[in-house]
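Residue strings, one per chain:
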Amino acid sequence: MSALIARQAQPTLAERLADLAVQVLIDEADLSPKPGLVDRRGSGAHQDLHLGLMHASAQSLWPAFAAMADAARSEGRVSQALRETLGQLGRDGEAEMLRVTAGVNTHRGAIWALGLLSAAAMLEGGASAGEIAASAAALARLDDPAAPCNPDSHGARVCRRYGVLGAREQAQYGFPAVIERGLPQLLASRRAGAGEQNARLDALLAIMSTLTDTCVLHRAGLEGLNRMQAGARAVLDAGGAASLAGRRQLRALEGEMLSLRASPGGAADLLAATLFLDRLTPSLAPTGSY
Ligand SMILES: CC(C)(COP(=O)(O)OP(=O)(O)OC[C@H]1O[C@@H](n2cnc3c(N)ncnc32)[C@H](O[C@H]2O[C@H](COP(=O)(O)OP(=O)(O)OP(=O)(O)O)[C@@H](O)[C@H]2O)[C@@H]1O)[C@@H](O)C(=O)NCCC(=O)NCCS
Ligand SMILES: Nc1ncnc2[nH]cnc12
């Protein structure tokens, strides 16, 4: 093989970021047992979702993530022009997702979070998770005049009704659910020897314990949100997913979520964002690999 062909076969950084974004979506979907969510065991609280659809949806988003990271490479800094390009690419990604899933919303929140983080990771090569999240926040705070205002999205409706902050603000504040909850818990549970799957479940529960997840509010109201947060805290207080007592609490939480039809889709997206930053930070160096 000629040197030229060998060089062309090397994935670009934008392609590696897209690989990683898709991989963490698949890892999130596969992680089991997750309360109320689609996982390897089944569809959780959903009628129209299943694991194969989550995988197909994740794969369909690769071009959108690669294009967002590539746009950030071309622009080289946080700017209004980059924000507008990302908005268009995000909407194109959503359209492709809806085409592949025949209209089911599988990953709208994930496109938002991982799209911004992929672009920010490209801008902030070699930076810490907090710095990448801060750069994503700066992008999210810029207005996108071309964004269609949808006052009837589930998120917009419950934010108005309950006066809470949703996916938009989570990004604008620098992903506190990821930086202050998910990532520290993932690292702490790993350090305590929980095992990788249990550490990821603990990270999800840490996010659920404080997040105003608009998916849960939309389906189960404030009572559902309070029960989700308290139930997730109870699992962690009992020793986490790796402990027998924690598993008992996790089963109880799952029963409650299913009886309320509640699904923490926003927390699931932020777990994917946690896994993205976790795997990205040590590997952004030019020689690193995912
Ligand atoms: C700014 C946007 C995020 C749009 O926000 P908005 O709140 O108006 O819209 P929603 O349609 O509600 O989408 C927000 C999704 O974000 C996830 N989420 C929820 N709470 C939080 C939170 N506190 N923090 C972070 N993320 C959160 C959640 O996504 C997951 O749930 C989806 C399923 O939800 P839903 O459709 O409600 O599903 P069901 O209950 O199953 O419906 P029914 O069965 O009852 O019908 C699933 O997709 C998960 O991903 C929320 O859904 C942003 O999207 C935007 O403006 N995009 C435009 C493009 C752009 O500018 N992009 C920039 C670069 S990427
Ligand atoms: N595993 C999952 N189940 C249901 N909704 C989701 N949204 C993102 N991940 C999800």
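Note that the structure is predicted; figures quoted are calculated from it, not measured. (Residues numbered from 1 in each chain as written. Chains lettered and ligands numbered in written order. Predicted model: local features only at pLDDT ≥ 70, side-chain atom pairs only at ≥ 80, totals over all residues.)

Caption draft 1: Structural detail: helix H5 (residues 80-100). When the terminal C-alpha atoms of H5 are compared, their 30 Å separation across 21 residues agrees well with the 30 Å that a helix rising 1.5 Å per residue should span. Within the span of H5, buried status applies to Leu 82, Arg 83, Thr 85, Leu 86, Leu 89, Gly 90, Gly 93 and Met 97. Buried residues of H5 fall within an arc of 160° about the axis and therefore sit on the same side. The exposed set on the far side of H5, more than 90 degrees from its buried face, consists of Gln 80, Ala 81, Ala 95 and Arg 99. Lining the buried residues of H5 we find helix H3 (51-60), helix H4 (62-75), helix H6 (108-123) and helix H7 (129-141). Positioned one or two residues after H5, Ala 102 has a phi angle of 55°, which is positive. (Helix = DSSP H or I, 4+ residues; strand = E, 2+ residues; numbered from the N terminus. Expected span 1.5 Å × (residues − 1). Buried ≥ 20, exposed ≤ 12 C-beta atoms within 10 Å, placed from the backbone. Arc of directions from axis to C-beta. Contact = placed C-beta atoms within 7 Å.)

Caption draft 2: Representation of the site of ligand 1. The environment of ligand 1 is formed by 37 residues, the closest being Gly 90, Gly 109, Gly 115, Gly 155 and Gly 266. Taken together, the elements giving at least two residues each to the shell around ligand 1 come down to H5, H6, helix H8 (154-162), helix H9 (167-172), helix H12 (214-237) and helix H14 (265-280). If you tally residues by element for the shell around ligand 1, the top one is H6, at seven residues. Here the shell around ligand 1 is composed, by residue class, of 11 nonpolar, 19 polar and seven charged. (Near = placed C-beta within 6 Å. Nonpolar A, V, L, I, M, F, W, Y, C, P; charged D, E, K, R; others polar.)

Caption draft 3: Spatial organisation of the environment of Ala 156. Inspection of the secondary structure puts Ala 156 in helix H8. When the 15 C-beta atoms within 10 Å are taken as the criterion, Ala 156 is described as partly exposed. When the C-alpha atoms of Ala 156 and Ala 138 are compared, they prove to be 21 Å apart, with 18 residues separating the residues in sequence.

Caption draft 4: Highlighting the nonpolar core. Ranked by size, the top nonpolar core spans 92 residues in total, and within it Phe 65, Leu 117, Ala 119, Ala 136 and Phe 276 carry the most contacts. Of all the elements, H6 adds the most residues to this core, at 12 residues. (Core = buried A, V, L, I, M, F, W, Y, C linked by C-beta atoms within 7 Å.)

Caption draft 5: Structural context of the site of ligand 2. Around ligand 2, a shell composed of 14 residues is seen, among which Ala 29, Leu 37, Val 38, Gly 265 and Ala 268 lie nearest. Among the secondary structure elements, those contributing two or more residues to the shell around ligand 2 are helix H2 (13-30) and H14. Sorting elements by how many residues they give to the shell around ligand 2 places H14 first, with three residues.

Caption draft 6: Local environment of the confidence of the model for the chain. Predicted confidence across the chain gives a mean pLDDT of 94, with 94% of residues reaching 70 or more. With pLDDT under 50 throughout, residues 283-290 is counted as low confidence; its partners more than four residues away or in other chains account for 12 contacts. The complex prediction reports pTM at 0.95, with the ipTM value standing at 0.95. (pLDDT = per-residue confidence, 0-100.)

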